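Reading the structure
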Amino acid sequence: MNKSQIRFAMASHATWSVLHDPVLTKLYSRHWKRYVTRVTKELSPTERLLTLYGYIFNLMYHEV
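What counts, and where the lines are drawn
Counting of residues starts from 1 at the beginning of each chain's written sequence and follows it residue by residue. A pLDDT threshold of at least 70 governs which residues receive local features in this predicted model, and a stricter bar of 80 or more applies before side-chain atom pairs are shown or counted, although totals over entire chains, interfaces and linings include all residues. Note that the side-chain values use all heavy atoms of the structure and ignore hydrogens as well as water. Patches were defined on residues exceeding 30% relative accessible area and lacking a salt bridge, with like-charge contacts within 9 Å and nonpolar side-chain contacts (Val, Leu, Ile, Met, Phe, Trp, Tyr) within 5 Å. For the accessible areas, the method is Shrake-Rupley and the probe is 1.4 Å, while residue cover comes only from the protein chains on display. We define a salt bridge as a contact between a side-chain nitrogen of Lys or Arg and a carboxyl oxygen of Asp or Glu at a distance within 4 Å. By the criteria applied, helices consist of DSSP H or I runs no shorter than four residues and strands consist of E runs no shorter than two, each listed in order from the N terminus. Working definition: with a 1.4 Å probe on protein chains only, accessible area under 20% of the residue-type maximum means buried, over 50% means exposed, and in between means partly exposed. Geometry of aromatic contacts follows a simple scheme: Phe, Tyr and Trp rings, the Trp one being its six-membered ring, pair when their centres are within 6.5 Å, and the pair is stacked under 30 degrees between planes, edge-to-face over 60, tilted otherwise. In these notes, a set of buried Ala, Val, Leu, Ile, Met, Phe, Trp, Tyr and Cys residues joined through side-chain atoms within 4.5 Å is what counts as a nonpolar core. Counting rule applied: Lys, Arg positive; Asp, Glu negative; His and chain ends not counted. Where a charge sits is defined by one atom per residue type, namely NZ (Lys), CZ (Arg), CG (Asp) or CD (Glu). Only the stretch in contact is used when fitting a helix axis, every axis being a line fitted to C-alpha atoms; angles between N-to-C directions are given from 0 to 180 degrees. Any angle that is under 35 degrees is reported as roughly parallel, and any over 145 degrees as roughly antiparallel; angles of 65 to 115 degrees are reported as roughly perpendicular and all others as oblique. Two residues form a contact once any of their heavy atoms are found within 4.5 Å. Side-chain classes follow a simple rule in which Ala, Val, Leu, Ile, Met, Phe, Trp, Tyr, Cys and Pro form the nonpolar group, Asp, Glu, Lys and Arg form the charged group, and the remainder, Gly included, forms the polar group.

Bringing a nonpolar patch on the surface into the picture now. Among the surface-exposed residues, Met1, Ile6, Met10 and Val64 lie close enough to one another that they form a single nonpolar patch of about 420 Å² accessible area. Here Met1 shows up in the segment before helix 1 (3-19). On the basis of relative accessible area, Met1 is assigned to the exposed category, the value being 77%.

As structure tokens, this is what we get:
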């Protein structure tokens, strides 16, 4: 496995760990809602918003 594959696997595992913990899910949901509110104003019609899973995954990928 190369470094990016390991990083992807670690970020995926961390994301699922967060989503399986109700307290962490609630915490990250608040951050995600703020993200959605902020980004919706700047979004072009062709762009799509990140889901909660995608938002947490991006955070975890940058941390790994």
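Counted under the stated rule, the structure contains 5 aromatic pairs. One aromatic cluster is present, built from ring pairs that chain together Phe8, Trp16, Tyr53, Phe57 and Tyr61.

For the rest of this paragraph, the subject is the nonpolar core. Formed by Ala11, Val18, Tyr28, Tyr35, Val39, Leu52, Tyr55, Ile56, Phe57 and Met60, the largest nonpolar core amounts to 10 residues. Of all elements in the fold, only helix 1, helix 2 (22-42) and helix 3 (52-63) reach the threshold of two or more residues within this core. Considering each element in turn, this core owes the most residues, 5 residues, to helix 3.

Among the surface-exposed residues, Lys26, Arg30, Lys33 and Arg34 lie close enough to one another that they form a single positively charged patch. Tracing the backbone through its elements, the reader meets Arg34 in helix 2. Classification of Arg34 as exposed rests on a relative accessible area of 53%.

Orientation of helix 2 relative to helix 3, taken along the N-to-C sense of each, is 100 degrees, at an axis distance of 10 Å. When the interaxial angle is binned, helix 2 and helix 3 end up roughly perpendicular. Along its contact with helix 2, which presents Thr25, Tyr28, Ser29, His31, Trp32 and Tyr35, the element helix 3 presents Leu52, Tyr55, Ile56, Leu59 and Met60. Here the contact of helix 2 with helix 3 is built from residues that sort into 8 nonpolar, 3 polar and no charged.

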